[in-house]
Amino acid sequence: DVVQNWHKIKQSEKNNTGKDSVLDSVPDKLPALMRAYMIADRTSKAGIDQYSTSHLMEDLEAKLEELKSSLSSQDKKMIDRQCGDFLFTVVNFVRSGGIHPEPSLAGNVKDFEVRFKRVEKQIADSGRKLEDVPQPEKDRIWEKSKEESA
């Protein structure tokens, strides 16, 4: 396979640079989401991607359950660890499906912003402040805003 040969050539070039790992060239200063993607991608190309998509889905579900369980513990260190574990698993899952999480998340954040600003405007147009509107009404306005952007 051409891609595997290319990776073998790149790996042999890296071996000649004095670096010990395929991960050594992943910059430490990258934002965590980008770094997680690059690490998952490189380990996959190095043959450490033995999981099928269905196995990754099971792993994702298990990590979510671990995160939920840790939330009841009130142990911030454990919650932080479980949250990171879950997020890394999400990155690996979407990467395995050919999706880069950075633009995917960026697009979703933009959509969220647009909806939120629409909710703010609707409430302001009614002469009220966001914090003065009862939660059930905010929820209805939010749902309507989601429908409008769909």
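The shown structure was predicted, so the numbers you read here are calculated from the model rather than taken from an experiment.

Reading the values: rules and limits
- Residues numbered from 1 in each chain as written.
- Predicted model: local features only at pLDDT ≥ 70, side-chain atom pairs only at ≥ 80, totals over all residues.
- Heavy atoms only, no water.
- Helix = DSSP H or I, 4+ residues; strand = E, 2+ residues; numbered from the N terminus.
- Buried < 20%, exposed > 50% of the residue type's maximum accessible area, 1.4 Å probe, protein only.
- Polar contact = N/O pair within 3.5 Å; in protein donor to acceptor, adjacent residues only side chain to side chain.
- Salt bridge = Lys/Arg side-chain N within 4 Å of Asp/Glu carboxyl O.
- Expected span 1.5 Å × (residues − 1).
- Contact = heavy atoms within 4.5 Å.
- Phe/Tyr/Trp six-rings, centres within 6.5 Å; stacked < 30°, edge-to-face > 60°.
- Arc of directions from axis to C-beta.

Colleague: Before we go on, may I ask you to explain the side chain of Arg95 in this structure?
Modeller: Positionally, Arg95 belongs in helix α4 (residues 76-96). The class for Arg95 is buried, based on a relative accessible area of 8%. A polar atom in the side chain of Arg95 sits 3.5 Å from the side chain of Ser44.

Colleague: Sorry, what's going on with the pattern of salt bridges here?
Modeller: Oppositely charged side chains can pair when the atoms bearing their charge come close. Throughout the structure, instances matching the rule amount to 8 salt bridges. For the salt bridge of Glu148 with Arg118, the shortest nitrogen-to-oxygen distance reads 3.9 Å. Pair noted here: Glu148 is in helix α6 (residues 135-149) and Arg118 is in helix α5 (residues 101-125), with a separation of 30 residues, a long-range link. The class for Glu148 is partly exposed, based on a relative accessible area of 46%. Given a relative accessible area of 27%, Arg118 falls into the partly exposed group.

Colleague: Could you clarify how one ought to interpret helix α2 (residues 32-48) in this entry?
Modeller: In an α-helix, one full turn covers 3.6 residues, which means residues spaced three or four apart are oriented alike. Given a rise of 1.5 Å per residue, 17 residues ought to cover 24 Å, yet the end C-alpha atoms of α2 are separated by just 20 Å, more than 12% below that figure. Every buried residue belonging to α2 is among Ala36, Tyr37, Ile39, Ala40, Asp41 and Ser44, and all of these are buried. Residues of α2 that are buried sit in contact with α4 and α5.

Colleague: Even after reading the chapter, I still don't get the packing of aromatic side chains, so can you show me in this structure?
Modeller: Aromatic rings considered in pairs are described by the distance between their centres and by the relative angle of their planes. Counted under the stated rule, the structure contains 1 aromatic pair. Each ring, one from Phe112 and one from Trp142, has its centre 5.1 Å from the other, and the planes form 55°; the classification is tilted. Placement of Phe112 in helix α5 and of Trp142 in helix α6 is noted, with a sequence separation of 30 residues between them. Taking relative accessible area as the criterion, Phe112 reaches 43% and is therefore assigned partly exposed.

Colleague: When you look at unusual backbone geometry in this model, what are you seeing that I'm missing?
Modeller: Most peptide bonds take the trans form, and the phi angle of most residues other than glycine is negative. A positive phi angle is found at Gln74, which is not glycine, with a value near 65°. Owing to a relative accessible area of 64%, Gln74 belongs among the exposed residues under this scheme.

Colleague: Looking at this structure, how should I read the environment of Leu64?
Modeller: Locating Leu64 in the fold gives a position in helix α3 (residues 53-71). Assessed through its relative accessible area of 32%, Leu64 is described here as partly exposed.

Colleague: Looking at this model, I keep getting lost on α6. Mind explaining?
Modeller: Across its 15 residues, α6 extends 21 Å between first and last C-alpha, which sits within 8% of the 21 Å expected from 1.5 Å per residue. Here α6 has its buried residues at Lys138, Ile141, Trp142 and Ser145. One side of α6 carries all its buried residues, which in axial view fall inside an arc of 105°. Turned more than 90 degrees from where α6 packs its buried face, Pro136, Arg140 and Glu147 sit exposed.

Scope: geometric values only; no functional claims are made or implied.
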